[in-house]
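The residues making up each chain are set out below.
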Amino acid sequence: MDLITSTDALAAACARLAAHPFVTVDTEFLRETTYYPKLCLIQMAGPDPDDAFLIDPLAEGISLDPFMALMADPAVTKVFHSARQDLEIVWNIGQMVPAPLFDTQIAAMVCGYGDSVSYEQLVNDLAKARVDKSSRFTDWSRRPLTEAQLTYALSDVTYLVTVYQELLAQLQKSGRLAWLSEEMAVLTAPETYQADPENAWRRLVGRLRKPKEVAVLMEIAAWREREAQSRDVPRGRILKDDAVVDLAVSAPRNVEALGRLRSIPNGFERSRTGGDILEAVERGLARDPSTVPAPERSRGRGAAGAVVELLKVLLKAIAEEEGVAPKIIATVDELEAIAESDSADVPSLKGWRRTLFGEKALALKNGEFGLVLERGRVKVRPIHAAAAATAPV
């Protein structure tokens, strides 16, 4: 299990893997002290047991160009488990997203393994093996890596070969392989990984209601995001989320008002950063109210709340009957949107999800379908059938 530490050795390994129809990929990284994840190890494997490799991206002089070329090869499917963070790393390296792509966590949801099933569970169920997790939270940036770390890292891609093959066979047999396309389209879209400071406010806006507060939040959050990116430190090192929200609500306009906020560290208000914050507040207050997105009103109350609860029961019943994880069909936010509007622009009212769930959800909401209990299981029936099933004999 020698680490690949040279560009030539990496190129040779990638050439071997490029001869296969698919390659399994994983990464080990650290991001506790940085904004951008620090790549510490790359693992790759092909269907041939001899084609399993560990690459040291921290090795002096190594170029990852061969790895990036393989990630861009349209003839090779790139297989990840819970791919989002790994893909973010690849994007940060080369401003590209691997394609074609297969995420075994999402595939497992379609195959009925539940929401966000772990890699260890899939290895246990499909590869009939166990993963030693003792090295999971070790420091992957330290050299040399231990034999235990290397063994653990390699198992993340060697067992993934069997997991992928088993899930692919199940999807092909059920005719649901196309169901993955929408999820893969989101994962492979560049905008998924482009951290635009101007959109940073969206993570926190749920706590606010007034347009003025949202306007200030937009400016403070964008300033914090730019600072975190330029310094390559976590957002919280610049300013905690609670402090950002406090600033949006209180909108301090001078040093004294800024210093009175409990969420702001002592002396912070008289620093250069304090001045930057006050300038951001002023920019927010100067925004034209008509350009400020209106905060979403609270959902899930009153009659709409009752509809959402019914839709949750319907979703669970359909998911159980079809052997699909509920999360892959619809989220709670989508159910709330459907409760409010028959024409909600949500994935669960489009494509295969609409056929599987969306049409029934609208029919249930509009009184055309009902839920009945048959032999201990919830079933969806036309309203006349539902009435007949519950009528006294």
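Above this text sits the structure in question.
Model, not experiment: these values are computed from the prediction.

A.B. asks: Mind laying out the pattern of salt bridges, listing which residues take part and the relevant values?
C.D. replies: Here the structure, examined in full by the defined rule, presents 22 salt bridges. Residue arginine 143 pairs with aspartate 56 through a salt bridge whose shortest N-O separation is 2.7 Å. Pair noted here: arginine 143 is in the loop between α5 (119–127) and α6 (147–174) and aspartate 56 is in the loop between β3 (52–55) and α2 (65–72), with a separation of 87 residues, a long-range link. According to the relative accessible area criterion, aspartate 56 is buried, its value standing at 6%. The salt bridge partner of arginine 381 is glutamate 374, with a shortest N-O separation of 3.0 Å. Judged by its relative accessible area of 28%, arginine 381 is partly exposed. What you see here is one network of salt bridges that share partners, running through Glu227, Arg231, Arg272 and Asp276.

A.B. asks: Quick rundown of the sheet that holds strand β4 (residues 77–80)? Include the residues and the values.
C.D. replies: Read from one edge to the other, the open sheet built from 5 strands follows the order β3-β2-β1-β4-β5, with strand pairing classed as mixed. What marks the edges here is a single partner per strand, and that holds for β3 and β5 (101–103). Taken over all neighbouring pairs, the strand axes of this sheet differ in orientation by 25 degrees on average, direction set aside. The strands touched by helix α1 (residues 7–17) within the sheet are β1 (22–30), β2 (38–45) and β3, with β3 carrying the most contacts at an inclination of about 145 degrees.

A.B. asks: Quick rundown of a nonpolar patch on the surface? Include the residues and the values.
C.D. replies: A cluster of nonpolar side chains, contributed by Val313, Leu373 and Val378, occupies part of the molecular surface with about 250 Å² of accessible area. The topology assignment puts leucine 373 in strand β6 (residues 369–374). Judged by relative accessible area, which is 64%, leucine 373 ranks as exposed.

A.B. asks: Which residues make up the packing of α1 against α2, and what values go with them?
C.D. replies: Helix-helix packing is described using two parameters, namely the angle between the two axes and the distance between the axes. At a minimum axis distance of 8 Å, the contact between α1 and α2 shows a crossing angle of 20 degrees. Taken together, the axes of α1 and α2 lie roughly parallel to each other. Judged by the twist between their axes, the crossing of α1 over α2 is right-handed. For the pair α1 and α2, the contacting residues are Thr7, Leu10, Ala11, Cys14 and Leu17 in the first and Pro66, Phe67 and Leu70 in the second. When grouped by side-chain class, the residues that make up the contact of α1 with α2 number 7 nonpolar, 1 polar and no charged.

A.B. asks: Give a description of unusual backbone geometry that names residues and reports values.
C.D. replies: The omega torsion of the bond from alanine 99 to proline 100 falls at -10 degrees, within 30 degrees of zero and hence cis. Examined against the element boundaries, proline 100 turns out to sit in the loop between α3 (84–94) and β5. The linkage connecting arginine 143 with the following residue, proline 144, adopts the cis geometry, with an omega of 0 degrees. Tracing the sequence through the fold places proline 144 in the loop between α5 and α6. Its identity as a non-glycine residue notwithstanding, serine 82 has a phi of 50 degrees, on the positive side.

A.B. asks: Kindly report on the layout of surface pockets, identifying the contributing residues and their values.
C.D. replies: The volume enclosed by the largest pocket comes to roughly 1,400 Å³. For the largest pocket, the lining is made up of 43 residues, of which Ser82, Ala83, Arg84, Gln85 and Gln105 are closest to its centre. Mapped onto the lining of the largest pocket, the elements with two or more residues apiece are β1, α3, α4 (104–110), α5, α6, α7 (180–187), α14 (326–329) and α15 (332–340). Counting residues per element, the lining of the largest pocket draws most heavily on β1, which supplies 6 residues. Here the lining of the largest pocket is composed, by residue class, of 18 nonpolar, 9 polar and 16 charged. Put simply, the second largest pocket is a space of about 530 Å³. In this structure, the second largest pocket is lined by 21 residues; those nearest its centre are Tyr35, Glu88, Ala195, Glu225 and Arg235. Contributing elements (two or more residues each) for the lining of the second largest pocket: α3, α8 (211–231) and α9 (235–238). Residue contributions to the lining of the second largest pocket peak at 3 residues, all from α3. Here the residues of the lining of the second largest pocket sort into 6 nonpolar, 7 polar and 8 charged.

What counts, and at which threshold
- The residue numbers shown here count from 1 along each chain, following its written sequence.
- Local features in this predicted model are restricted to residues of pLDDT 70 or higher, and side-chain atom pairs are both shown and tallied only at a pLDDT of 80 or more, whereas totals for entire chains, interfaces and linings draw on every residue.
- Hydrogens and water molecules were not included; the side-chain quantities draw on all heavy atoms of the structure.
- What makes a salt bridge here is a side-chain nitrogen of Lys or Arg within 4 Å of a carboxyl oxygen of Asp or Glu, nothing more.
- Strands are runs of DSSP state E lasting at least 2 residues, helices are runs of H or I lasting at least 4, and numbering of each runs from the N terminus.
- Three labels apply to residues, based on accessible area from a 1.4 Å probe with only protein chains included: buried if under 20% of the type maximum, exposed if over 50%, partly exposed otherwise in between.
- Any two strands are treated as partners once DSSP identifies two or more bridges connecting them.
- Note on geometry: axes are C-alpha line fits, over the in-contact stretch for helices, and angles between N-to-C directions span 0 to 180 degrees.
- Contacts: residue pairs with any heavy atoms within 4.5 Å of one another.
- Patches here are clusters of residues that have more than 30% relative accessible area and form no salt bridge, with a 9 Å joining cutoff for like charges and a 5 Å cutoff for nonpolar side chains (Val, Leu, Ile, Met, Phe, Trp, Tyr).
- Only the protein chains shown count as covering a residue, and every accessible area follows the Shrake-Rupley method with a 1.4 Å probe.
- Throughout this description, any angle smaller than 35 degrees is read as roughly parallel, any larger than 145 degrees as roughly antiparallel, any in the 65 to 115 degree range as roughly perpendicular, and the remainder as oblique.
- For a crossing to be left-handed, the near helix must be turned anticlockwise from the far one by less than a right angle; the clockwise case is right-handed.
- Each residue gets one of three labels, nonpolar for Ala, Val, Leu, Ile, Met, Phe, Trp, Tyr, Cys and Pro, charged for Asp, Glu, Lys and Arg, and polar for the others, Gly among them.
- With a 1 Å grid spanning the protein atoms alone, the term cavity applies to any set of points in which a 1.4 Å probe fits but cannot get out, the term pocket to an open set with protein on both sides within 12 Å along at least five of seven lines, and the term lining residue to any residue with an atom within 4 Å of a point.
- Grid points are joined across faces, edges and corners, and a volume is the space filled by probe spheres set on the points.

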